[in-house]
Structure formats: C-alpha cells, structure tokens
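Residue strings, one per chain:
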Amino acid sequence: MAKYESKIDVSAISAVDVHVHIEMDDQGHKPMPEVFYEASAKYFKSEDRTPSIDKIAETYRDLGMAAVVFTLDARTQFDGHLPNSIDDVVAGALRNNDVLLPFGSVDPRNGEAAIEEAKRQAHELGVRGFKFHPSVQGFDPSDRQFYPLWEALEEIGLPILSHTGQNGMGAGLPGGAGIKLGYSNPLLLDEVAADFPHLPIIMAHPSVPWQDEANSIATHKANVYIDLSGWSPKYFPESLVRQSNNVLKHKVLFGTDYPLIPPTKWLAAFEDLPIKDEVRPLILKDNAVKLLGLDQEASA
C-alpha cells in the first residue's frame with residue numbers, strides 16, 4: 001500500500017483533535033471484546049461507537065478541523081483478540097489526508113516483535129505517532145522490560161500518546177473487567193520521560209485522580225504534553241484549567257475521545273471555560289501543529 005503523506009493545509013483548519021478512535025476496520029473487526037463497547041457506551045452515553053473512518057473524516061472536514069486517528073493493539077491482554085488492521089487505518093487516513101493523521105499501535109508485551117512492527121508502521125506505512133493504553137494493554141510503562149521499545153521509538157522520532165487517569169473501558173463491570181487503573185498513573189510515564197528525553201509523550205486525558213501529578217510532569221519535562229480528551233471541559237479539574245492558562249499554555253492539546261465525545265459537544269463546553277483569548281488557539285491548534293510537525297510540512 002502507499003505510504004501516508006499529509007495534505008493538511010494548516011492555514012485552512014481551526015483546530016486539531018489529537019484523540020480520535022477508529023473502533024472498527026474495513027472488515028468489521030473491533031480491537032476489543034464486545035463487552036468493553038457496551039460498558040463504555042453506557043459510561044459515556046455515546047450514540048454511535050463505531051463510525052467508519054470515512055464518516056469520521058467527513059465530520060472533521062465539515063467542521064474545518066483535522067484529527068489524529070488510531071486503534072489499539074492489546075492482543076496479549078485480550079487473550080489473542082487481534083487489533084484493527086493498522087494498514088486499514090493508514091489507508092483510510094491516506095484517502096482523507098486533508099483532515100486525518102494516522103497513529104500506529106503495538107502491543108508492548110510482544111517484545112521484539114512489537115519493536116519490529118513499530119518500525120514497519122513508521123517506515124513503511126508512514127504513521128505519525130503511536131497510541132498506548134497501559135491499563136487496557138496491561139503493562140507498567142516504567143518497567144525496564146519495555147525500555148527497548150521506548151528506545152526504538154525515541155530513535156524513530158515520533159510522539160507517543162498514552163492513556164492516563166480514570167478509565168471508561170470496563171467501567172461498571174465486576175472488577176472493571178480486569179482493567180487495572182494503577183498502570184495509568186502518569187508518574188509511571190514520568191520515568192519514561194526522564195530516561196528518554198527526546199521521546200515526545202502526550203499524556204492522554206485529564207489524569208483524574210492524579211491531575212496534580214500530571215500538571216507537575218508536564219511542567220517539569222520539556223518532552224511531555226497533556227491532551228484534554230475523554231472529559232467534557234465542564235468537568236475539568238480546576239488546577240488543569242488554571243495552569244493551562246499560564247505555565248502549561250504551550251503544553252496542552254485539544255482532544256475529544258470521539259466517537260465517545262462529539263467534537264461539537266466538547267467545543268461548546270470549552271467555550272464556557274475561563275481560558276484567555278490568546279491561549280485558546282494554542283490549545284485548539286497551534287500546540288498540536290508544532291508537536292506533530294505540520295508547520296514544517298506547510299513550509300516545505
């Protein structure tokens with residue numbers, strides 16, 4: 001298949017949503033067992049959990065926005081349940097490369113095979129980053145057994161987007177369906193950020209109940225960012241709103257968690273936050289454009 005190339009016109013978009021899930025591939029396969037979709041749909045009160053990548057592209061095109069899209073490889077945690085086809089995600093993003101930017105995903109528990117697959121996704125498919133979910137994938141990011149993967153990704157030079165904080169996956173199920181929240185403590189990513197200082201790390205979501213920790217990490221580590229997905233802005237912790245207005249104004253990124261939260265709903269709530277006028281465009285667009293290298297492509 002053709003390698004992804006971005007045709008996103010930065011001057012023509014108003015925002016970049018850095019957190020959008022592709023929950024079904026072209027063959028109708030989903031990356032997680034069905035029980036997780038039922039539970040998360042109830043938790044988020046979402047209507048359509050599995051829009052196609054082309055429908056997602058149309059949604060963002062109509063809004064004059066771009067979006068980072070991805071799936072998740074958690075095959076070990078899910079007893080061999082395979083992820084969506086990353087190749088399909090990239091092909092769909094390539095069809096819609098005026099608005100979509102694809103991230104890849106590998107299962108860290110796959111060892112050397114994960115490293116080789118990450119290299120394939122980066123060099124052959126052209127993914128622009130990698131998505132991880134420590135709780136759903138069942139791993140501690142700070143465990144030294146995963147350091148060869150972080151080393152390889154640092155060498156590749158693409159950002160990682162890693163879930164932090166509270167988890168809608170397995171919410172309300174007995175034992176949370178085996179999902180362990182502690183793996184998503186942002187302090188585990190602080191160790192990775194310290195030991196791999198040239199690996200850009202996006203901590204996904206307000207990191208409740210560890211928001212102060214996340215704020216501190218993003219302030220302390222030049223290579224760490226926070227995306228605002230997974231929560232309606234009206235429920236953001238006050239400390240996150242306050243620091244987004246000052247010390248973190250260049251480190252915070254717009255994200256929704258679509259299709260769990262529609263971008264129009266998120267943006268309407270964001271309008272009501274006491275965010276400075278000069279900070280809003282940084283959060284909605286400029287910080288992501290710089291981090292993802294879209295400004296360099298625009299000037300190339």
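Everything numeric in this text was worked out from a predicted model, so none of it was measured.

So, about the overall build of the protein. Looking only at helices and strands, one finds 12 helices and 8 strands in the protein. The C-alpha atoms of the protein give 17 Å as radius of gyration, which agrees with the globular expectation for 300 residues (19 Å, within 12%). In terms of overall dimensions, the protein has C-alpha extents of about 50 × 40 × 40 Å along its principal axes. Expressed as a percentage of contacts within the protein between residues at least 6 apart in sequence, the contacts between residues at least 24 apart total 80%. Total accessible area on the protein stands at roughly 12100 Å², and carbon and sulfur atoms take up 51% of it. Averaging the locations of the 27 positively and 43 negatively charged side chains of the protein gives two centres separated by 3 Å.

It is worth spelling out the pairing of strand β6 (residues 201–204) at this point. Side chains Ile-201 and Met-203 project from β6 onto one buried face, and the interleaved Ile-202 and Ala-204 project onto a second face that is buried too. In this sheet, β6 lies alongside strand β5 (residues 160–163) in parallel orientation, the contact comprising 4 bridges. From the neighbouring strand, Ile-160 faces β6, where its bridge partner is Ile-201. Between the parallel elements β5 and β6, the chain passes through helix α7 (residues 186–195) in a crossover that is right-handed. Examined bridge by bridge, β6 and strand β7 (residues 224–227) share 3 bridges and lie parallel to one another. The partner of Ile-201 across the bridge, within β7, is Val-224. In this fold, the crossover linking β6 to β7 by way of helix α8 (residues 211–220) has right-handed handedness.

Here we take up the packing of aromatic side chains. Enumeration according to the criterion identifies 9 aromatic pairs in this entry. Ring centres 6.0 Å apart and planes at 75° place the aromatic pair Tyr-60 and Tyr-258 in the edge-to-face group. A residue pair is termed long-range when its members are at least 10 positions apart, and Tyr-60 in helix α2 (residues 53–63) and Tyr-258 in the loop between β8 (252–253) and α10 (263–270) qualify at 198 residues. Here Tyr-60 matches Tyr-258 in class, with each residue buried. By the ring-pair criterion, three or more aromatic residues cluster together here, those being Phe-132, Phe-139, Phe-146 and Trp-150. In this structure, Lys-251 is placed above the aromatic ring of Tyr-225, and the distance from its NZ or CZ to the ring centre is 5.3 Å. It is Arg-280 that lies over the ring of Phe-270; its NZ or CZ is 4.9 Å from the centre.

Rules used in this analysis
Residues numbered from 1 in each chain as written. Predicted model: local features only at pLDDT ≥ 70, side-chain atom pairs only at ≥ 80, totals over all residues. Heavy atoms only, no water. Helix = DSSP H or I, 4+ residues; strand = E, 2+ residues; numbered from the N terminus. Rg over C-alpha atoms; globule rule 2.2 N^0.38 Å. Contact = heavy atoms within 4.5 Å. Areas by Shrake-Rupley, 256 points an atom, 1.4 Å probe, with all protein chains shown as cover. Lys, Arg positive; Asp, Glu negative; His and termini not counted. Charge placed at Lys NZ, Arg CZ, Asp CG, Glu CD. Buried < 20%, exposed > 50% of the residue type's maximum accessible area, 1.4 Å probe, protein only. Pairing = 2+ DSSP bridges. Right-handed = clockwise from strand over helix to strand, strands pointing away. Phe/Tyr/Trp six-rings, centres within 6.5 Å; stacked < 30°, edge-to-face > 60°. Lys NZ or Arg CZ within 6 Å of the ring centre and 35° of its normal.

Geometric descriptors of this kind do not, in isolation, establish any biological role.
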